[in-house]
Amino acid sequence: MLNRVELIGNLGADAEVTNLENNRKVANFSLATTSSFKNKDGNWEKITDWHRISVFNPSDFVLQKALLKGNLVRIEGALKTTVVDKDNIKTYYTKVNAKSILLLNGKDTDEVTVDTVIPDGIGGTGTEDDLPF
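Every value quoted in this text rests on a predicted model; they were computed, and no experiment measured them.

Colleague: Is there a simple way to think about the pattern of salt bridges in this case?
Modeller: Side-chain pairs of opposite charge can arise whenever the charged atoms involved come near each other. Here the structure, examined in full by the defined rule, presents 5 salt bridges. Between E76 and R4 there is a salt bridge, and its shortest N-O distance comes to 3.0 Å. Separated by 72 residues along the polypeptide, E76 in strand β5 (residues 72–86) and R4 in the segment before β1 (5–11) bring together distant segments of the chain. Look at R4 and you get exposed, because its relative accessible area is 53%.

Colleague: How should the nonpolar core be read in this particular structure?
Modeller: One broad rule of soluble globular proteins: the nonpolar side chains tend to lie buried together. Formed by 19 residues in total, the largest nonpolar core has its most connected members in F29, L31, I53, V55, L67 and I75. Take this core: its biggest share by element is 4 residues, from strand β6 (residues 89–103). When residues no more than four places from it in sequence are discounted, the contact partners of I53 are L7, A27, N28, F29, L31, I75, V96 and A98.

Colleague: For this particular structure, what's the right way to read the environment of K69?
Modeller: By the secondary structure assignment, K69 is in the loop between α1 (60–66) and β5. Taking the relative accessible area as the measure of exposure, K69 reaches 61% and is therefore exposed. Along the primary structure K69 and A13 are separated by 56 residues, whereas in three dimensions their C-alpha atoms are 4.1 Å apart. Every residue in contact with K69, bar those within four places of it in the chain, is listed here: L11, G12, A13 and D14.

Colleague: Hey, could you run me through the pairing of strand β3 (residues 25–38) in this one?
Modeller: Note on strand geometry: in a regular strand, side chains alternate between the two faces of the sheet. Relative to β3, β1 runs antiparallel, the two being bridged by 2 bridges. Within β3, the residue paired with N10 across the bridge is A32. Sheet topology note: the strand β2 (residues 16–19)/β3 ladder contains 4 bridges and is antiparallel. Counted as the bridge partner of T18 is V26 from β3. Following β2, the chain reverses through 5 residues before pairing antiparallel with β3; N22 in that reversal takes a positive phi of roughly 60°. Judged from the 13 bridges that link them, β3 and strand β4 (residues 44–56) form a sheet pairing that is antiparallel. Each bridged residue has a counterpart across the sheet, and for A32 the counterpart in β4 is W50. If you look at the hairpin formed by β3 and β4, you'll find 5 residues sitting between the two strands, and G42 has a positive phi there, around 85°.

Each value, and the rule that gives it
- Residues numbered from 1 in each chain as written.
- Predicted model: local features only at pLDDT ≥ 70, side-chain atom pairs only at ≥ 80, totals over all residues.
- Heavy atoms only, no water.
- Salt bridge = Lys/Arg side-chain N within 4 Å of Asp/Glu carboxyl O.
- Helix = DSSP H or I, 4+ residues; strand = E, 2+ residues; numbered from the N terminus.
- Buried < 20%, exposed > 50% of the residue type's maximum accessible area, 1.4 Å probe, protein only.
- Core = buried A, V, L, I, M, F, W, Y, C linked by side-chain atoms within 4.5 Å.
- Contact = heavy atoms within 4.5 Å.
- Pairing = 2+ DSSP bridges.

Structure follows, in structure tokens:
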């Protein structure tokens, strides 16, 4: 089976870093992707979709150079759906766990491979307070 997603878009804000157990950390950010289509009147319209992205154990290089507001990046990763049960109401969140990041800002194009080992307890069933974003 295959669970793979590839997105190219701009960061909506600088990544937010959370420290986890065992000296690990996770960076979370939103990524905007835009697509265009012709509407029924023949005019072009743009739609922007927002995606939640998590990067486990990003290097300082990734945090200081790639994961900054406005940067154009290519993300490869896997979809992860989390179920949060709060007050007996289940809410489903889907995000992308990034496996690689390619910074696409002109001359600063750099491919970055990130650690994809996800700590226990992240991304499973829990409460809203357990979410890393």
